[in-house]
There are 2 protein chains.
Amino acid sequence: MNSSLANLSTEQYMLIYNAFSFAIATFASSTLFFWFGRSQVSNEYKTAITITGLVTFIACYHYFRIFESFDAAVTYKSNTIEVTGSMFNRAYRYVDWLLTVPLLLIELILVMRLPHSETISKSITLGSAAALMIVLGYPGEVSGGINSTRFIWGSLSMIPFLYIVYSLYVGLNASVENQPKDVKDLVVLARNVTVASWFFYPIVYFAPFIVDLNGAGAFTVVELGYTISDIVAKAGFGVLIYMIAVRKSSTTA
Amino acid sequence: MNSSLANLSTEQYMLIYNAFSFAIATFASSTLFFWFGRSQVSNEYKTAITITGLVTFIACYHYFRIFESFDAAVTYKSNTIEVTGSMFNRAYRYVDWLLTVPLLLIELILVMRLPHSETISKSITLGSAAALMIVLGYPGEVSGGINSTRFIWGSLSMIPFLYIVYSLYVGLNASVENQPKDVKDLVVLARNVTVASWFFYPIVYFAPFIVDLNGAGAFTVVELGYTISDIVAKAGFGVLIYMIAVRKSSTTA
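Values in this document were obtained by computation on a predicted structure and should not be read as measured data.

Caption draft 1: Here's a closer look at the side chain of D96(A). Residues and elements named next belong to chain A. Mapped onto the elements, D96 comes out in helix α4 (residues 92–112). Under the relative-accessibility criterion, D96 is labelled buried at 2%. Not counting chain neighbours up to four residues away, the residues in contact with D96 comprise I58, A59, H62 and K234.

Structure below.
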């Protein structure tokens, strides 16, 4: 890990540094956007929008921590990249996902306005599956390196992952079909954005078994990829949720 | 104490570090959730929701302090755990509980909507018992180690603890039975979550008399256990209080 940090080029270092700062600004501003917009949707969608803002708020907190951790681990001084010996804590991402991924699914369920009992049961089952998926991935991530621990925990983590994908496409299909005509496309898009952006995470997780991710180039790709995926899955997805809530509010009003 | 910090493995250190950061994010986001949701409940439940958010706000502050204290006491540099000599202040937890535990009981009383005089009397007696419980536990905790001071103060602290458990199950039973049908299960669940999550605290308090808690493994279990108990007892319990308030608001509206 530290060897890949030490080998970062100036361009790679700057790109990561600026991407983290970009993520902080994006998540902070999207949080404010959602919370201001909360007053513009009708009562039954306010909780969905509160949670949409919470997801980006939590991500903002973690990108701030990630930025500080990166800044403490690598410094750029007198045109030279220096590794300080401080740890770059990659696990902040897991802590973030443990909170935000269940909430992202709950956002989608809330904005769909399912019957009351279904809202609660789907929130609990999908939310728990999402939390389980992250918890199972963690031991593999911190085991450090390419080994059977990473492979076993990662594979176990794929079970809830595939269950969520299945639930979104099959279990929720009838509810998606029953959405009002003017928002149905947006709901389908929100679901697809979720699943498509999520596929980046297991790809990165299992990539070390196929290609060497220890180099500085791979480190850069992974950190930038996570950052872009997080922005799409949280802020971009949140905008879709907000648009659905606004549209549904105006048709019911 | 410092010997158990020095013997932490990298995995244990990371787990504690990330758990504290997770708690900060959880409490900050649940505070905002409750305070936004405050506008979605009817007037008579607004105070309960304000206090629910205050409890998680206070916990957020203390977990920030605990995180900073841990970070100052132990550093991870160049793949080595180093004890700096700074104190890891475990007493922050007592300061937190002294404020939050009485408020947690008051939340439950407020959301039950007892007659006015009973709300006040129950808040005072249960709130005072909770504060007394924490104050009595403190001298034993700071006495450091396994001795009669810890045992005597801990035992005294159990008197108000058992009084609270008794009051919740016997004294409040008639009021629980009188709750509207659609929230009665939630009120029972909230009461059970409170008592179940609280039992972790005396277990940890008295465990040193039975098993050696000085090792790094025991330190990790205790810190993670406190963190999980706090999250369940404050944020999880708060979500139940919020759900009760929302449901009762919609039936009266």
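Next comes the rest of the description.
Caption draft 2: A look at helix α6 (residues 148–171) of chain A. All names here are of chain A. The terminal C-alpha atoms of α6 lie 33 Å apart, and with 24 residues this matches the ideal 34 Å at 1.5 Å per residue to within 8%. Among the residues making up α6, those that are buried are R150, G154, S157, P160, F161, I164, V165, S167 and L168. Tucked into the core, α6 has its buried residues touching α4, α5 (116–142), α7 (173–177), α8 (181–198) and α9 (200–206).

Caption draft 3: Inspection of the nonpolar core at higher detail. F70(A), I164(A), W198(A), Y13(B), F70(B), I164(B) and W198(B) are the most contacted members of the largest nonpolar core, which has 162 residues in total. Per element, the largest residue contribution to this core is 15 residues, and it comes from helix α3 (residues 43–73) of chain A. Every residue in contact with I164(B), bar those within four places of it in the chain, is listed here: L105(B), L126(B), A129(B), A130(B), M133(B) and W198(B).

Caption draft 4: Spatial organisation of the relation of the copies chain A and chain B. With an axial shift of 0.0 Å and an RMSD of 0.1 Å, the rotation relating chain A to chain B amounts to 70°. Such a turn and shift between the copies fits a five-fold axis. Among all residues of chain A, the minimum C-alpha distance to the rotation axis is found for S39(A), at 9.2 Å.

Caption draft 5: Summary view of the interface of chain A and chain B. Taken together, the contact pairs 27 residues of chain A with 27 residues of chain B. Summed over both partners, the interface of chain A with chain B comes to about 2,200 Å²; 65% of that surface belongs to carbon and sulfur atoms. The tally of links from chain A across to chain B stands at 0 salt bridges. The tally of links between chain A and chain B comes to 8 residue pairs in polar contact (both at pLDDT 80 or more). Those elements giving two or more residues to the side of chain A that touches chain B turn out to be α3, α4 and α5 of chain A. For the side of chain A that touches chain B, a count of residues per class yields 15 nonpolar, 9 polar and 3 charged.

Caption draft 6: Quick peek at the pattern of salt bridges. As enumerated under the stated definition, the model contains 14 salt bridges over all chains in all. Taking the shortest distance from any N to any O, the salt bridge between E223(A) and R90(A) comes out at 3.1 Å. Here the residue E223(A) occupies a position in helix α10 (residues 216–252), and R90(A) occupies one in the loop between β2 (80–83) and α4, the gap between them amounting to 133 residues. Its relative accessible area of 24% is what places R90(A) among the partly exposed residues. We note a salt bridge from E177(B) to K184(B), for which the minimum N-O separation is 3.1 Å. Judged by relative accessible area, which is 45%, E177(B) ranks as partly exposed. Its relative accessible area of 25% is what places K184(B) among the partly exposed residues.

About the thresholds
Residues numbered from 1 in each chain as written. Chains lettered and ligands numbered in written order. Predicted model: local features only at pLDDT ≥ 70, side-chain atom pairs only at ≥ 80, totals over all residues. Heavy atoms only, no water. Helix = DSSP H or I, 4+ residues; strand = E, 2+ residues; numbered from the N terminus. Buried < 20%, exposed > 50% of the residue type's maximum accessible area, 1.4 Å probe, protein only. Contact = heavy atoms within 4.5 Å. Expected span 1.5 Å × (residues − 1). Core = buried A, V, L, I, M, F, W, Y, C linked by side-chain atoms within 4.5 Å. Least-squares fit on C-alpha atoms with pLDDT ≥ 70 in both. Buried area = accessible area lost by both parts, 1.4 Å probe. Salt bridge = Lys/Arg side-chain N within 4 Å of Asp/Glu carboxyl O. Polar contact = N/O pair within 3.5 Å; in protein donor to acceptor, adjacent residues only side chain to side chain. Nonpolar A, V, L, I, M, F, W, Y, C, P; charged D, E, K, R; others polar.

In short, the description is geometric, and any link to function would need to be established separately.
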